[in-house]
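Observations on the model geometry
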Amino acid sequence: VDCFCHLFSQEVLGEERLKEILKERELKVYWGTATTGKPHVAYFVPMSKIADFLKAGCEVTILFADLHAYLDNMKAPWELLELRVQYYEQIIKAMLESIGVPLDKLKFVKGTDYQLSREYTLDVYRLSSMVTEHDAKKAGAEVVKQVEHPLLSGLLYPGLQALDEEYLKVDAQFGGVDQRKIFTLAEKYLPSLGYTKRIHMMNPMVPGLTGGKMSSSEEESKIDLLDKNQEVKKKLKRAFCEPGNVENNGVLSFVKHVLFPLHSEFIIKRDPKWGGDKVYTDYEEVDMDFAAEQIHPGDLKASVELALNKLLDPIRKKFETPELKKLTASAYPEPSKNKGGAKGNPKQTVDEEEVIPSRLDIRVGKVISVEKHPDADSLYLEKIDVGEEQPRTVVSGLVEQLQDRLVVLLCNLKPQKMRGIESQAMLICASIEGEPRKVEPLDPPEGSAPGDRVYVEGYESGKPDDELKPKKKVFEKLQVDLKISGECVAQWKEQNLMTKLGQITCKTLKGGNIS
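Read on for a plain summary of the structure. (Residues numbered from 1 in each chain as written. Predicted model: local features only at pLDDT ≥ 70, side-chain atom pairs only at ≥ 80, totals over all residues. Heavy atoms only, no water.)

The next subject is helix H6 (residues 118-128). Those residues of H6 that fall on the buried side of the exposure criterion are Tyr-120, Asp-123, Val-124 and Leu-127. Burial along H6 is one-sided: seen end-on, the buried residues are contained in an arc of 105°. Residues Arg-118 and Tyr-125 are exposed on H6 and point more than 90 degrees away from its buried face. (Buried < 20%, exposed > 50% of the residue type's maximum accessible area, 1.4 Å probe, protein only. Helix = DSSP H or I, 4+ residues; strand = E, 2+ residues; numbered from the N terminus. Arc of directions from axis to C-beta.)

Below, the discussion takes up the pattern of salt bridges. Side chains bearing opposite charge may pair, as long as their charged atoms lie close to each other. Within this structure, the stated rule accounts for 30 salt bridges. Between Arg-363 and Asp-361 there is a salt bridge, with its nearest N and O atoms 3.0 Å apart. Overall, Arg-363 belongs to the buried group, its relative accessible area being 3%. For Asp-361, a relative accessible area of 5% corresponds to the buried category. One continuous salt-bridge network, built from bridges that share partners, spans Arg-238, Asp-361, Arg-363, Glu-388 and Arg-392. (Salt bridge = Lys/Arg side-chain N within 4 Å of Asp/Glu carboxyl O.)

Bringing unusual backbone geometry into the picture now. Although it is not a glycine, Glu-293 adopts a positive phi angle of roughly 60°. Inspection of the secondary structure assignment puts Glu-293 in the loop between helix H12 (283-291) and helix H13 (297-318). Given a relative accessible area of 55%, Glu-293 falls into the exposed group. For Lys-493, which is not glycine, the phi torsion reads 50° and is therefore positive.

With that out of the way, let us pick up the side chain of Ser-431. Take Ser-431: it is sitting in strand E18 (residues 429-432). Since its relative accessible area comes to 2%, Ser-431 is described here as buried. Beyond its immediate sequence surroundings of up to four residues, Ser-431 is in contact with Arg-437, Lys-438, Val-439, Leu-509, Gly-512, Asn-513 and Ser-515. (Contact = heavy atoms within 4.5 Å.)

Within the structure shown, the criterion is met by 11 aromatic pairs. Ring centres 6.4 Å apart and planes at 10° place the aromatic pair Tyr-114 and Tyr-167 in the stacked group. Of this pair, Tyr-114 sits in the loop between strand E4 (106-110) and H6 while Tyr-167 sits in helix H8 (residues 152-167), and the two are 53 residues apart along the sequence. Note on Tyr-114: relative accessible area 12%, which makes it buried. Ring centres of Phe-260 and Tyr-283 lie 6.1 Å apart, and the angle between their planes is 80°; on these two criteria the pair is classed as edge-to-face. On the criterion of sequence distance, the pair formed by Phe-260 in helix H11 (residues 250-263) and Tyr-283 in helix H12 is long-range, its members being 23 residues apart. Given a relative accessible area of 9%, Phe-260 falls into the buried group. Among the aromatic side chains, those forming a connected cluster through ring pairs are Tyr-87, Phe-319 and Tyr-332. (Phe/Tyr/Trp six-rings, centres within 6.5 Å; stacked < 30°, edge-to-face > 60°.)

Here we come to the pairing of strand E3 (residues 59-65). The buried fraction of E3 amounts to six of the seven residues, a majority that puts the element mostly inside the structure. Pairing analysis gives seven bridges linking strand E2 (residues 28-34) to E3, with the strands arranged parallel. Bridge pairing in E3 links Lys-28 to Glu-59. Where the polypeptide runs from E2 across helix H3 (residues 44-55) and back to E3, its parallel neighbour, the crossover connection is right-handed. (Pairing = 2+ DSSP bridges. Right-handed = clockwise from strand over helix to strand, strands pointing away.)

Looking now at H3. Its 12 residues place the ends of H3 16 Å apart at the C-alpha level, agreeing with the 16 Å of an ideal helix rising 1.5 Å per residue. In terms of residue burial, H3 counts as a mostly covered element, since 10 of its 12 residues are buried. Looking only at H3, the buried set comprises Phe-44, Val-45, Pro-46, Met-47, Ser-48, Lys-49, Ile-50, Ala-51, Phe-53 and Leu-54. Of the residues flanking the end of H3, it is Gly-57, one or two places downstream, whose phi is positive at about 90°. (Expected span 1.5 Å × (residues − 1).)

Encoded structure:
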């Protein structure tokens with residue numbers, strides 16, 4: 001029991017019941033994952049714990065929750081459910097193999113194999129007659145996508161996850177701390193149906209590369225399991241990793257929650273003139289050295305990159321086969337392209353990528369310094385931190401002093417020279433035409449950090465272009481529908497601009513344009 005509590009030090013609900021079971025037999029545990037976006041490197045946290053379960057002699061079931069994926073605001077379209085289950089099964093098996101977990105001891109189950117049965121369906125109805133809307137919404141708050149007008153499907157989601165414990169015939173459910181409210185709902189309501197209250201064990205969540213939870217729907221926050229070496233390098237380079245800052249540091253947390261549990265050590269690779277390589281066998285020492293700025297963020301990122309690629313290499317190799325390449329492309333098709341030809345002229349085709357908001361790399365930035373442009377009285381130079389090692393230089397015409405302020409920037413425009421100085425991003429503002437013209441920078445929600453991704457509701461999962469081609473005028477086409485609402489909320493086609501913490505707003509310019 002002490003071993004289990006040590007393994008799951010984040011939190012265990014039902015420790016007394018755990019002690020009773022372990023006196024008699026091995027524990028039966030299940031871990032489930034909704035088959036939505038592609039699994040990312042943070043999945044190594046539960047995988048390493050599943051390895052610990054198996055070493056301890058537990059019976060482990062992995063549930064591919066395809067029906068849950070659909071209920072969560074239709075993150076997985078119905079026609080893609082089966083393909084996504086196949087992808088998840090292959091990628092998770094590849095992950096487990098890469099860390100040496102024997103697959104013959106595991107049981108894999110698909111949700112719709114039993115969740116569409118008469119008995120399960122009747123239990124869903126029985127449970128829905130007991131659970132209030134308030135409890136259902138509260139339970140799914142950190143797991144189910146939150147929107148202003150939630151669908152009934154999202155309210156059903158937590159109840160189904162509770163029922164899975166009974167229908168999988170397990171003693172315990174294992175998941176992230178973000179699922180705690182679903183676990184407490186299960187503990188409250190399963191006994192009302194005549195079913196046993198289960199044990200719940202939780203692992204910590206690895207912060208994303210931009211801070212906050214690493215999420216499949218936030219492209220810049222995560223490293224995909226099939227990302228190439230150069231993509232891993234690029235994402236780590238852009239990751240938030242401020243010198244001495246150990247809070248919400250996704251790079252440091254990956255060392256703590258993934259690399260140390262798997263290898264029991266971590267090696268900082270660095271030039272001999274800076275002390276050479278150093279082997280750490282205790283994570284606390286890594287934490288203290290980074291806080292004391294004895295470890296440079298660049299050395300930390302380079303060392304994590306090396307260790308991570310060793311984990312990813314066998315997974316990437318497995319997915320080089322034609323069959324798995326085809327499965328990946330089918331389960332996660334690229335955004336649709338308009339290839340329709342004009343009637344009567346089959347040779348005339350249009351091959352333009354769909355112009356959607358997710359192609360814009362919009363981020364929160366913090367203004368570090370402001371000074372006048374040396375060659376233009378009406379222009380100002382702002383050094384802005386957007387979650388990268390080097391701040392961006394932005395040239396704008398705002399007279400307002402922006403020092404230390406959080407702003408919103410478009411970061412994937414082609415850099416432009418403005419009176420001889422290269423502007424590397426564009427400050428996004430609200431404006432109203434008139435005499436004089438009124439302009440206000442957009443405001444991120446309170447608590448935002450440099451590098452936080454800004455997205456349009458409903459377009460969270462798309463990947464921004466590396467660089468917007470000027471001739472395609474993607475931003476200009478989208479800008480037509482960018483407006484400020486009557487409540488001072490930034491919107492595109494009446495869909496809110498958001499970060500993971502809330503809405504993007506402006507102070508006073510109701511009904512204004514965004515540019």
